[in-house]
Amino acid sequence: MAHTAGNTKIGFIGLGIMGDPMARNLLKAGYDVTAFTLETEKVEQFAKDGGKGASSIAEAVEDADVVITMVPASPQVEAVVLHEGGVLENIREGGLIIDMSSITPQTSIEVAAAAKAKGVRAIDAPVSGGEAGAIEAVLSIMVGGEQEDFDAAKPILETLGKTIVLCGPAGSGQTVKAANQLIVAVNIEAVAEAVVFLKKSGVDLGAALDVLNGGLAGSTVLTRKKDSILAGDYQPGFKIDLHHKDMGIVTDAARAVGAAVPAGALVAQLVASLRAQGDGGLDHSALVRSVKRLSGENPDGAN
Ligand code: NAD
């Protein structure tokens, strides 16, 4: 049975930069959503704005047909889903877990197996498109799991995104997301290097980025990040801390299958170095700050 707004109660765990607008888009589409997250004020605001607030995972999950999780990384997914008091302990038999966090493929495989052992369905459905994509409900959603669970989840996923693809069995969504993060990170690093090169050359940077974005060098990264990079505004967005986690996932996963990712490995080091310099809470476009430092420039200020 497809999970439409008319027949489905959703428990939503993780009202962060991504989860909050996603949960609100589900509300807008008419879904009955009960949310829990660690910051109490976010739960209260969600309840004020028409959703239902819960004070624990158990409360968010007990009446739910579907549970969506959107938390930072594998340890949080394990804590939220597998540990005592978590989703699996409280969800009804036959319920569906949609984990939309970006985590290791191995954790998704473990979650799917633990769910199956309890008569619960689970898919991994990480996303790409950033905060703007979450707000505008145009995310790209890469899914791992069984065809029938994908079909059941589709109306929910269509409320959150535009490009929704089943990539293979459990964990496959995460493998594709890891590739996504490799492409995004290398792309941002190339943009960052171009920005510093152009600026040091005395070219009108705004004009240069506009014309670059119209040709083969154009990208969603440039479209989404150009204005904030020009302003030197690195508010997240997508935190360097989270991209560091994702570069770890992709370099490990690539090594496990014998795939060489030399550019990815280099950018992973640059992301790690940014984090070590205290920039972990900034947006991943702060790779510009790293290139500025390497080029003998003050990393602060507009570009
Ligand atoms: P965030 O740090 O803004 O939010 C994470 C949320 O998880 C927080 O609100 C926190 O309360 C909640 N949480 C953590 N542990 C919890 C627990 N034990 N119980 C209940 N809630 C818990 O992170 P985000 O940027 O929203 O990212 C979430 C996931 O989406 C990450 O895996 C990230 O890699 C991925 N992602 C983020 C973006 C982006 O642009 N921000 C884009 C695509 C994918």
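What counts as what
- Residues numbered from 1 in each chain as written.
- Predicted model: local features only at pLDDT ≥ 70, side-chain atom pairs only at ≥ 80, totals over all residues.
- Heavy atoms only, no water.
- UniProt positions renumbered as here; feature names shortened; annotations may be inferred.
- Helix = DSSP H or I, 4+ residues; strand = E, 2+ residues; numbered from the N terminus.
- Rg over C-alpha atoms; globule rule 2.2 N^0.38 Å.
- Buried < 20%, exposed > 50% of the residue type's maximum accessible area, 1.4 Å probe, protein only.
- Contact = heavy atoms within 4.5 Å.
- Lys, Arg positive; Asp, Glu negative; His and termini not counted.
- Charge placed at Lys NZ, Arg CZ, Asp CG, Glu CD.
- Near = heavy atom within 4 Å.
- Areas by Shrake-Rupley, 256 points an atom, 1.4 Å probe, with all protein chains shown as cover.
- Domains from an automatic or database assignment.
- Expected span 1.5 Å × (residues − 1).
- Arc of directions from axis to C-beta.
- Polar contact = N/O pair within 3.5 Å; in protein donor to acceptor, adjacent residues only side chain to side chain.
- Pairing = 2+ DSSP bridges.
- Right-handed = clockwise from strand over helix to strand, strands pointing away.
- Buried area = accessible area lost by both parts, 1.4 Å probe.
- Salt bridge = Lys/Arg side-chain N within 4 Å of Asp/Glu carboxyl O.
- Nonpolar A, V, L, I, M, F, W, Y, C, P; charged D, E, K, R; others polar.

The name given to the chain in an unreviewed UniProt entry is 2-hydroxy-3-oxopropionate reductase, with the source organism recorded as Streptomyces diacarni. What UniProt states about the chain under its Sequence similarities (unreviewed entry) heading is, verbatim, "Belongs to the HIBADH-related family."

Caption draft 1: Spatial organisation of the overall build of the chain. When helices and strands are tallied, the chain shows 14 helices and 9 strands. In terms of overall size, the chain behaves like a compact globule, its C-alpha atoms giving a radius of gyration of 20 Å where 303 residues would be expected to give roughly 19 Å. C-alpha atoms of the chain, sized along the principal axes, occupy 60 × 45 × 35 Å. Among the 303 residues that make up the chain, the fraction classed as buried is 50%. Contacts in the chain between residues far apart in sequence, at least 24 positions, make up 66% of those at least 6 positions apart. If the 25 positive side-chain charges of the chain are averaged to one point and the 37 negative ones to another, these points end up 4 Å apart.

Caption draft 2: Focus on the site of the ligand. Surrounding the ligand, one finds 27 residues, the nearest of these being T37, E39, P72, K239 and K245. Protein contact buries 91% of the 840 Å² of open area that the ligand shows by itself. Within the residue set of the shell around the ligand, elements represented by two or more residues are α4 (74-82), α7 (130-135) and α12 (240-257). Each of domain 1 (9-169) and domain 2 (176-294) accounts for three or more of the residues forming the shell around the ligand.

Caption draft 3: Summary view of helix α13 (residues 262-279). Helix length check: α13, at 18 residues, gives a terminal C-alpha distance of 24 Å against a target of 26 Å (1.5 Å per residue), a fit within 8%. Listed as buried for α13 are G264, V267, A268, L270, V271, L274 and D279. Buried residues along α13 cover an arc of 165° about the axis, so they all sit on one side. Away from its buried face by more than 90 degrees, α13 exposes P262, L266, Q269 and A276. Against α9 (172-200), α12 and α14 (287-294) lie the buried residues of α13.

Caption draft 4: Spatial organisation of the side chain of K225. Structurally, K225 can be placed in helix α11 (residues 220-231). In this structure the side chain of K225 is engaged in a polar contact, spanning 3.4 Å, whose partner is the side chain of H284. Excluding anything up to four places from it in sequence, K225 contacts D283, H284 and S285.

Caption draft 5: A look at the pairing of strand β6 (residues 121-124). Relative to β6, strand β5 (residues 96-99) runs parallel, the two being bridged by 4 bridges. Paired with D99 across the bridge in β6 is D124. With helix α6 (residues 105-117) bridging β5 and the parallel β6, this β-α-β connection has right-handed handedness.

Caption draft 6: The arrangement of the domain arrangement of the chain in detail. Considered domain by domain, the chain is made up of domain 1 (9-169) and domain 2 (176-294). Using only C-alpha atoms to locate each centre, domain 1 and domain 2 end up separated by 27 Å. Every contact between the two is made by 18 residues of domain 1 and, on the other side, 11 residues of domain 2. Taken over both partners, the interface formed by domain 1 and domain 2 buries close to 1,000 Å², and the fraction arising from carbon and sulfur atoms is 63%. By the criterion of area lost to domain 2, the three top residues of domain 1 are I17, S102 and M142, representing 37% of everything that side buries. Summed over the shared surface of domain 1 and domain 2, the result is 1 salt bridge. In this structure, E136 engages R224 in a salt bridge whose closest nitrogen and oxygen atoms are separated by 3.5 Å. Counting residues per element, the ones that place at least two in the side of domain 1 that touches domain 2 are β7 (127-128) and α7. Each residue belonging to the side of domain 1 that touches domain 2 can be placed in one class, and the counts come to 11 nonpolar, 5 polar and 2 charged.

Caption draft 7: Expanded view of the pairing of strand β9 (residues 161-168). Note that strand β8 (residues 139-144) and β9 share 6 bridges and pair parallel. Looking at β9, one finds that M142 is bridged to V165. Viewed along the sheet, the connection from β8 through helix α8 (residues 147-160) into β9 turns out right-handed.

Caption draft 8: Up close: the pattern of salt bridges. Summed over all chains, the structure comprises 16 salt bridges. Put simply, R24 and D49 hold a salt bridge, and the shortest N to O gap is 2.7 Å. Here R24 is found in helix α1 (residues 19-28), whereas its partner D49 is found in the loop between α2 (40-48) and β3 (52-53), with 25 residues between them in sequence. Exposure remark for D49: the relative accessible area of 39% places this residue in the partly exposed category. A salt bridge links D32 to K52; its shortest N-O distance comes to 3.1 Å. Here the residue D32 occupies a position in strand β2 (residues 32-36), and K52 occupies one in strand β3, the gap between them amounting to 20 residues. Take D32: its relative accessible area is 24%, and that puts it in the partly exposed class. Sharing partners across several salt bridges, the network here consists of D279, R289, R293 and D300.

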